[in-house]
Amino acid sequence: MRSKVTIQTLREKMAKGQPITMITGYDYPMALLEERAGIDIILVGDSLGMTVLGYDSTLPVTMDVMIEHCKAVRRGAPTAYVIGDMPYMSYQVSVEEAVRNAGRFMKEAGVDAVKLEGGRNVVDVVEALTKATIPVMGHLGLTPQSMAMLGGFKAQGRDIQAAEAIINDAKAIEEAGAVSILLEAVPPEVAKVITDRAGIPIISIGAGPHCHGQLLIVHDMLGFFDAFTPKFVKKYANLNSIILDALQQYRQDVETHTFPSDEHCYKMQPDALARFKEKYGD
Ligand code: KIV
């Protein structure tokens, strides 16, 4: 088994120019595979509200739901750097509530860090969590919890003013103590400036090749979620069609009495079988 991925491991990769690998994970079986594949960071994202629970946004996801999923991922991936995503309204109401909720991720689920969305508007929260010894990953650019303010899932930082706002947000979050920053759906030029200026790992999801690492949503890259596919997704498999084929074949086998066959049935002990047949017939 590899040794535990820590913030130190990530900093060393960054210093050596080795790309950091990150992917979302929501449950035990996927975490087992992600761990086996040697992925550095698993994000238990509140995107599970859409990919796993079938909501049309991440807003309905609760702390209790996030904690259960983080626990499952931690069990499946003991050495990965696991990050718990703070759900909508778990850190916006007050700094005290943010510390209490982030503390639950660390204490109950054993994650390595928490992630929260926002820039200069969440500096007080990042500072308080850092002071409480809770490592924070910031999240800038397209921030799905602010969908109502952003007007949908749209790329961010495409004009000078918006680009500079994200650059300034990144600086503020780092100064507040964030241990890393996720940039979502921003042009690569903007991500490069942020990455070049940062002293902490900057991870891209749709922010181009210049960042220290890359993240994809596992259900997107496996072709397991097709409500919509963002431009930045590369599909590495088409699980939907593999699973659908299997389900249809199973249904057909049951309907045609092809399953179960002899190989799927338990055998009685031979002497018991003879006596059983004598009593009950064939
Ligand atoms: O919830 C999540 O998976 C995320 C990604 C969209 C970055 O925050």
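Just so it is clear, the model here is predicted, and its values are computed rather than measured.

Right, let's talk about the nonpolar core for a bit. With 74 residues, the main nonpolar core has Tyr81, Phe105, Leu116, Leu129 and Leu183 as its most contacted residues. Ranked by residues supplied to this core, first place goes to helix H8 (residues 160-176) with 7 residues. The contacts of tyrosine 81, once residues within four sequence positions are left out, are Lys4, Val5, Thr6, Ile7, Leu10, Asp40, Ile41, Ile42, Asp112, Ala113, Pro135 and Val179.

With that settled, the discussion passes to the site of the ligand. Around the ligand, the surrounding shell consists of Thr24, Leu43, Gly45, Asp46, Ser47, Asp85, Lys115, His139, Leu182, Glu184, Leu215 and Ile217. For the ligand, whose unbound accessible area comes to 260 Å², protein coverage reaches 97%. In the shell around the ligand, the residues fall into 4 nonpolar, 4 polar and 4 charged.

Here we come to the domain arrangement of the protein chain. According to the domain assignment, the protein chain contains domain 1 (7-237) and domain 2 (242-280). Between the C-alpha centres of domain 1 and domain 2 there is a distance of 47 Å.

What counts and how
Residues numbered from 1 in each chain as written. Predicted model: local features only at pLDDT ≥ 70, side-chain atom pairs only at ≥ 80, totals over all residues. Heavy atoms only, no water. Core = buried A, V, L, I, M, F, W, Y, C linked by side-chain atoms within 4.5 Å. Buried < 20%, exposed > 50% of the residue type's maximum accessible area, 1.4 Å probe, protein only. Helix = DSSP H or I, 4+ residues; strand = E, 2+ residues; numbered from the N terminus. Contact = heavy atoms within 4.5 Å. Near = heavy atom within 4 Å. Areas by Shrake-Rupley, 256 points an atom, 1.4 Å probe, with all protein chains shown as cover. Nonpolar A, V, L, I, M, F, W, Y, C, P; charged D, E, K, R; others polar. Domains from an automatic or database assignment.

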